[in-house]
Amino acid sequence: MTRQILPKTVLFTAGCILMSSANLALAREPAQVNYQILLLRQEISVQKNGAFTDSIDRVIQPLTMAGVQSQSQIQIGYPANFAQVHILDAYTETPSGSKHPVPASAIYTQSSPDALSAPFLSDGRIQSVVFPAVAPGDTLHIRYTIHYDHGYLPGIHAISTVLAPNVPVKQAEIILRAPAAQKLYAAQQGSAWQLAPTQKDMHSSRVSFSTSLTKVSYPPLGSPALTQYAPLAVISTTNHWSAVARAYNQLAAPALKATPELQKAATHIAGGATGMDAVKAIYHWLQKNIHSVSINYANAGFTPPAASSTLQRGVGDSNANAALLCALLRAVHVEAVPALMSTSARFHPYPGVDPLAFGHFLVYIPAYDLFLDPTSRYAGIHSLPLEDAGRPVLITGKNPRMTQTPAPDLSLPLIAKHTLLTLSKAGQMIDQSTEIRRGYAAQDIRSALIGSQGRLLMKGLRNGFYEQGDLGKLESIAFQNRDHLDQPLGIKTHAIKDGLFIPGPRMAMIMPTDTAMAKPLQAFTADAERSTPSLIHPSYMESHITLQLPRGYHPAYLPKNVDMQTAVGSYAIHYALQGQILHIDQRLKLPEFVISTKDYPDLHRLALLSSSSIREGLLLVKKNPAR
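Every value quoted in this text rests on a predicted model; they were computed, and no experiment measured them. (Residues numbered from 1 in each chain as written. Predicted model: local features only at pLDDT ≥ 70, side-chain atom pairs only at ≥ 80, totals over all residues. Heavy atoms only, no water.)

Engineer: Where do I start with the sheet that holds strand 7 (residues 124–130) in this structure?
Structural biologist: Backbone hydrogen bonds hold the strands of a sheet together, and the pairing may be parallel or antiparallel. Strand order in this open sheet of three strands is 3-7-6, and the pairing throughout is antiparallel. Of all the strands in the sheet, just strand 3 (73–79) and strand 6 (107–111) have a single pairing partner and so form its edges. The sheet shows a mean angle of 25° between the axes of neighbouring strands, direction not considered. Two strands pair when backbone bridges link them, and strand 6 and strand 7 are joined in this way by five bridges, in the antiparallel orientation. Opposite isoleucine 107, over in strand 7, you have valine 129 as the bridge partner. (Pairing = 2+ DSSP bridges. Helix = DSSP H or I, 4+ residues; strand = E, 2+ residues; numbered from the N terminus. Axes fitted to C-alpha atoms, helices over the stretch in contact; angles between N-to-C directions.)

Engineer: What is the right way to look at unusual backbone geometry in this model?
Structural biologist: Residues apart from glycine generally show negative phi values, whereas peptide bonds are mostly found in trans. Residues other than glycine seldom take positive phi values, yet histidine 333 does so here, at roughly 70°. Tracing the chain through its elements places histidine 333 in the loop between helix 9 (318–331) and strand 18 (337–341). Overall, histidine 333 belongs to the exposed group, its relative accessible area being 77%. (Buried < 20%, exposed > 50% of the residue type's maximum accessible area, 1.4 Å probe, protein only.)

Engineer: I keep staring at the nonpolar core and nothing clicks. Help me out?
Structural biologist: Nonpolar side chains in soluble globular proteins generally cluster together in the buried interior. With 109 residues, the main nonpolar core has Phe131, Val279 and Ile365 as its most contacted residues. Considering every element that reaches this core, the biggest residue donor is helix 9, with 10 residues. Aside from chain neighbours lying at most four places away, what touches valine 279 is Leu329, Val334, Ile365, Tyr368, Leu370, Leu372 and Ile381. Tyr440, Leu549, Phe593 and Leu603 belong to the second-largest nonpolar core, a separate cluster that totals 45 residues. (Core = buried A, V, L, I, M, F, W, Y, C linked by side-chain atoms within 4.5 Å. Contact = heavy atoms within 4.5 Å.)

Engineer: It is not clear to me how the packing of helix 5 (residues 260–270) against helix 6 (residues 275–289) should be interpreted in this structure. Could you clarify?
Structural biologist: Each pair of packed helices gets described by two things: the angle between the helix axes and the distance between those axes. Here helix 5 crosses helix 6 at 110°, and the two axes come no closer than 8 Å. On the basis of the axis angle, helix 5 is roughly perpendicular to helix 6. When helix 5 is examined against helix 6, the residues Ala266, Ile269 and Ala270 are found in contact with a partner set consisting of Ala278, Ala281, Ile282 and Trp285. (Parallel < 35°, antiparallel > 145°, perpendicular 65-115°, else oblique.)

Engineer: Got a minute to help me understand the pattern of salt bridges in this structure?
Structural biologist: Where charged atoms of side chains with opposite charge meet at close range, the side chains can pair. Overall, the coordinates contain 13 salt bridges when judged by the stated rule. Put simply, glutamate 43 and arginine 177 hold a salt bridge, and the shortest N to O gap is 2.8 Å. Here the residue glutamate 43 occupies a position in strand 1 (residues 35–46), and arginine 177 occupies one in strand 10 (residues 169–179), the gap between them amounting to 134 residues. Overall, glutamate 43 belongs to the buried group, its relative accessible area being 10%. (Salt bridge = Lys/Arg side-chain N within 4 Å of Asp/Glu carboxyl O.)

Engineer: Help me out: how do you make sense of the environment of alanine 278 in this one?
Structural biologist: Along the polypeptide, alanine 278 turns up in helix 6. It is 7.5 Å that separates the C-alpha atoms of alanine 278 and valine 332, two residues lying 54 residues apart in sequence. With sequence-adjacent residues up to four places away left out, alanine 278 is seen in contact with Ala270, Ala273, Leu329 and Val332.

Engineer: So what exactly am I meant to see when it comes to the packing of helix 5 against helix 9 here?
Structural biologist: Their axes nearest at 8 Å, the elements helix 5 and helix 9 cross at an angle of 75°. Classified by the angle between their axes, helix 5 and helix 9 sit roughly perpendicular to one another. Contact with helix 5, carried on its side by Leu262, Gln263, Ala265 and Ala266, involves Leu324, Ala327, Leu328 and Ala331 of helix 9 and no other residues of that element. Taken together, the residues of the contact of helix 5 with helix 9 break down into seven nonpolar, one polar and no charged. (Nonpolar A, V, L, I, M, F, W, Y, C, P; charged D, E, K, R; others polar.)

Engineer: It is not clear to me how helix 5 should be interpreted in this structure. Could you clarify?
Structural biologist: In an α-helix there are 3.6 residues to a turn, and that puts residues three or four apart on one side. Listing the buried residues of helix 5 in full gives Leu262, Ala265, Ala266, Ile269 and Ala270. Across the axial projection of helix 5, the buried residues extend over an arc of 120°, all falling on one side. The outward face of helix 5, more than 90 degrees from its buried face, is lined by the exposed residues Pro260, Lys264 and His268. If you follow the buried residues of helix 5, they end up packed against helix 6, helix 8 (307–313) and helix 9. (Arc of directions from axis to C-beta.)

Engineer: Sorry if this is basic, but what is going on with helix 6 here?
Structural biologist: Taking 1.5 Å per residue as the helical rise, helix 6 with its 15 residues ought to reach 21 Å, and the 21 Å between its terminal C-alpha atoms agrees with that figure. Listing the buried residues of helix 6 in full gives Met276, Ala278, Val279, Ile282, Tyr283, His284, Leu286 and Gln287. (Expected span 1.5 Å × (residues − 1).)

Engineer: What is the right way to look at the sheet that holds strand 27 (residues 506–510) in this model?
Structural biologist: With respect to topology, three strands assemble into an open sheet ordered 27-35-30, the strand pairing being antiparallel. Looking along the sheet, the strands with just one partner apiece sit at the ends: strand 27 and strand 30 (553–555). Neighbouring strand axes in the sheet, compared pairwise and without regard to direction, differ in orientation by 25° on average. One ladder, built from three bridges, connects strand 30 with strand 35 (residues 617–622); its direction is antiparallel. Bridge assignment links histidine 554 to a residue of strand 35, and that residue is valine 621.

Engineer: Just checking my understanding: could you explain the confidence of the model for the chain for this structure?
Structural biologist: Detailed conclusions should not be drawn from predicted coordinates in areas where pLDDT is low. Summarising the model, the chain shows a mean pLDDT of 90, and 90% of its residues fall at 70 or more. The model gives residues 1–29 a pLDDT under 50, and that stretch makes 104 contacts with residues more than four places away or in other chains. (pLDDT = per-residue confidence, 0-100.)

Engineer: Explanation requested: the packing of aromatic side chains in the structure shown.
Structural biologist: Two descriptors summarise a pair of aromatic rings, namely the distance from one centre to the other and the angle between the planes of the rings. All told, the structure shown has 14 aromatic pairs when counted by the stated rule. Note on phenylalanine 82 and tyrosine 148: the rings are 6.1 Å apart at their centroids and 50° apart in plane angle, and the pair reads as tilted. On the criterion of sequence distance, the pair formed by phenylalanine 82 in the loop between strand 3 and strand 4 (83–93) and tyrosine 148 in strand 8 (residues 139–148) is long-range, its members being 66 residues apart. Given a relative accessible area of 1%, tyrosine 148 falls into the buried group. With 5.7 Å between their ring centres and 25° between their planes, tyrosine 297 and phenylalanine 302 make a pair best called stacked. Aromatic rings pair up to connect Phe52, Phe82, Tyr148, Tyr152, Tyr248, Tyr297, Phe302 and Phe361 into one cluster. For the cation-ring pair, arginine 391 lies above phenylalanine 593, with the distance from its terminal atom to the ring centre recorded as 5.4 Å. One residue, lysine 589, lies across the ring of tyrosine 540, its end atom 4.7 Å from the ring centre. (Phe/Tyr/Trp six-rings, centres within 6.5 Å; stacked < 30°, edge-to-face > 60°. Lys NZ or Arg CZ within 6 Å of the ring centre and 35° of its normal.)

Right under this line is the structure:
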């Protein structure tokens with residue numbers, strides 16, 4: 001499977017990795033500035049023949065030992081099959097002005113991880129530069145160029161840069177220079193970048209953005225991708241995404257050509273089926289038989305290998321597998337085209353056109369308005385993986401257009417759980433649960449079903465049972481529709497829990513509720529307000545618990561029912577007692593991916609409410625036999 005990894009850095013620029021990869025949306029940064037960028041200047045100069053040179057001049061100042069550790073080595077990624085890196089100057093400078101040049105032995109080249117895992121798909125290289133004698137307060141200077149024999153897509157060149165809010169930038173400038181006849185387009189997200197007037201002479205046109213960022217902030221846990229909200233500048237030779245699609249068509253056309261081998265394979269796999277039945281047969285065959293590897297297209301380019309070679313090898317990245325799936329479907333007269341998207345948590349297109357905004361390929365079938373992920377082993381025909389859903393996607397082919405992939409289908413609960421609990425006077429509880437999972441919630445479980453009996457998943461379920469501190473035994477686990485990807489996944493469990501109560505006139509325990517309801521919102525319990533958007537997973541969960549109370553006992557009280565409707569979603573929990581049976585019905589619905597700062601307080605309220613509900617107490621009182 002292909003997942004584009006963006007570096008965590010002040011500025012994301014093509015071909016440069018400043019720090020170890022990480023996702024700001026997954027972990028809170030320490031509240032300190034570990035380094036600052038004193039200068040970053042990047043200029044792309046395009047030649048008439050389409051070749052271009054990327055020139056970078058950068059000065060970084062580590063301020064702490066953590067900054068030294070993260071910045072004393074930089075890695076420059078590039079596609080070695082059509083680009084070359086030249087280090088022009090690199091040295092460490094102390095506050096007193098002493099310079100320590102980077103020795104030649106500290107500059108070395110190695111294959112990128114994707115080139116090592118799939119050398120037939122990528123010729124990616126990494127140029128590593130290790131700065132000598134670095135201490136906090138020093139400055140790290142580097143100038144280098146990357147010369148590309150051609151663009152990533154024919155006729156299209158672009159530069160884009162996003163400011164990470166947690167690192168100060170003293171001075172930054174990006175420039176795109178092209179032949180005079182080439183029109184240039186500039187766009188930005190927000191207003192932090194300053195656009196300079198276009199400069200023209202007889203030979204070239206030049207457009208540039210500049211900026212500085214001295215005030216820092218720290219995106220909290222649960223923030224979307226930086227490009228969703230942080231200042232982003234783009235300069236491009238086109239302002240139409242359809243031009244990117246047409247350029248990709250030009251590259252991919254040879255790979256999609258039908259061969260007798262492909263025709264024979266498609267006919268055999270379809271087994272005489274046509275239309276949607278043929279789509280299902282071929283898609284599910286590809287999921288089971290073609291292995292997926294991750295490729296960074298900044299290091300590999302966008303040209304897919306021939307579909308026939310991917311079929312023979314049985315392995316490909318998302319670009320290769322999309323080409324193969326399209327070719328097989330076309331062989332049974334189902335039109336299908338590749339579609340470009342990014343799996344990062346971004347839900348609207350870049351403000352300007354940049355091919356490197358994309359890092360993953362889907363397949364689009366116009367007749368059914370259907371997107372398929374050729375790298376996802378566990379997706380059903382109508383259910384994209386969560387990281388593919390709701391994202392901007394560029395459909396290629398004869399009718400190119402930018403649109404959006406479908407959000408998760410919430411017409412039915414993604415997780416619906418029915419639990420029957422029987423509590424004895426001795427404090428033993430029998431727990432019989434049936435859980436139905438749909439969409440991406442089913443994919444999550446199916447992906448853990450490794451081995452013929454799903455041993456890893458069952459081990460995880462058993463460990464989770466015992467790690468809760470419960471005494472007892474998880475008697476059995478059974479699965480329904482484990483291998484039928486287009487059907488809901490069923491999970492049945494039978495457990496016996498001991499020691500929940502000490503027999504007597506009063507018995508107390510935590511009210512049995514579905515703790516999974518609180519998990520999607522845990523990141524939003526701490527902060528009452530936020531200055532950046534928040535990322536959640538669209539969800540719809542229902543839980544129905546029936547608790548058979550021991551004869552002679554009744555609840556001293558029941559918690560109040562809750563039914564909260566907000567602009568961002570809803571949460572409800574209802575309690576009802578019928579004789580000796582206690583019913584607890586719980587529901588959570590979150591339809592959006594991104595919550596604005598304006599609506600965030602509603603999300604916070606839901607998070608607190610769902611968290612507090614799972615900690616409600618249940619006090620059972622022995623009935624007075626005289627009454």
